[in-house]
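# Topology and contacts: notes
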Amino acid sequence: GQQLNQSPQSMFIQEGEDVSMNCTSSSIFNTWLWYKQDPGEGPVLLIALYKAGELTSNGRLTAQFGITRKDSFLNISASIPSDVGIYFCPSPAYKYIFGTGTRLKVLA
Amino acid sequence: NAGVTQTPKFRILKIGQSMTLQCTQDMNHNYMYWYRQDPGMGLKLIYYSVGAGITDKGEVPNGYNVSRSTTEDFPLRLELAAPSQTSVYFCASSVRDRGIEQYFGPGTRLTVT
């Protein structure tokens, strides 16, 4: 079956540091979506990528769709305490696979 | 627009009891989903629906039932609650199924003791 891996599983960083996380898939994706889940809330879409090689920014967030179409990364620049949460990159397959996400904790 | 709403926010059930988790969306989305999120884990798909009258199983459907009589509503039924069903349940909806944004409700936190 399709496998989806997110790395790292968790990270603690100091406020102001840059953050990088990635997703890899055993299958080719046609889209990559990055979601963030704040503590106690449902996930919310951050960035959507629709083309291999595409690089998209949303404020301090930058995401790229890998040219092999099997990976994507998300960078957060100058992290702040409200960046804390879980970041997901679900499989766009018919039965969504959300995976365990990357848990980010920001130390003030 | 309220988006996706879920009720109740919290519930404690005794083993063997039944309950229905309510989900309503006002965006006229055809696709709706139920996920569960166990502590420290990701989201697992329980059931989904591609339109009124059509439902299908996700990754972890055992112990649950769903129905979709209208576009707006997608209730999740727990029969004979078990401690393993202690989790946070999220309902979501989307315009279509693949590679498109899902809108999530605020979740229902369920404890079975």
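Since this is a predicted model, take the numbers as computed values, not measurements. (Residues numbered from 1 in each chain as written. Chains lettered and ligands numbered in written order. Predicted model: local features only at pLDDT ≥ 70, side-chain atom pairs only at ≥ 80, totals over all residues. Heavy atoms only, no water.)

## Here we look at the overall build of chain A
The helix and strand tally for chain A stands at zero helices and ten strands. Secondary structure elements of chain A occur, N-terminal to C-terminal, as β-β-β-β-β-β-β-β-β-β. In terms of overall dimensions, chain A is globule-like: its C-alpha atoms have a radius of gyration of 13 Å, near the 13 Å expected for 108 residues. Reported as C-alpha extents along the three principal axes, the dimensions of chain A are approximately 40 × 25 × 20 Å. Carbon and sulfur atoms provide 52% of the accessible area of chain A, an area that totals close to 5100 Å². Each charge class in chain A was averaged separately, 8 positive and 8 negative side chains, and the resulting centres sit 12 Å apart. (Helix = DSSP H or I, 4+ residues; strand = E, 2+ residues; numbered from the N terminus. Rg over C-alpha atoms; globule rule 2.2 N^0.38 Å. Areas by Shrake-Rupley, 256 points an atom, 1.4 Å probe, with all protein chains shown as cover. Lys, Arg positive; Asp, Glu negative; His and termini not counted. Charge placed at Lys NZ, Arg CZ, Asp CG, Glu CD.)

## A look at the nonpolar core
Membership of the largest hydrophobic core comes to 20 residues, with the highest contact counts inside it found for Trp32, Trp34, Leu74 and Leu104 of chain A. Counting only elements with at least two residues in this core, the list comes to β2 (10–14), β3 (19–25), β4 (32–37), β5 (44–49), β7 (61–65), β8 (71–76) and β10 (102–107) of chain A. Residues in contact with Leu74 of chain A, not counting those within four places in the same chain, are Val19, Ser20, Met21, Trp34, Leu46, Ile47, Leu61, Thr62, Ala63 and Tyr87 of chain A. Listed in part, the 19 residues of the second largest apolar core include Val4, Ile46, Ala81 and Val112 of chain B. (Core = buried A, V, L, I, M, F, W, Y, C linked by side-chain atoms within 4.5 Å. Buried < 20%, exposed > 50% of the residue type's maximum accessible area, 1.4 Å probe, protein only. Contact = heavy atoms within 4.5 Å.)

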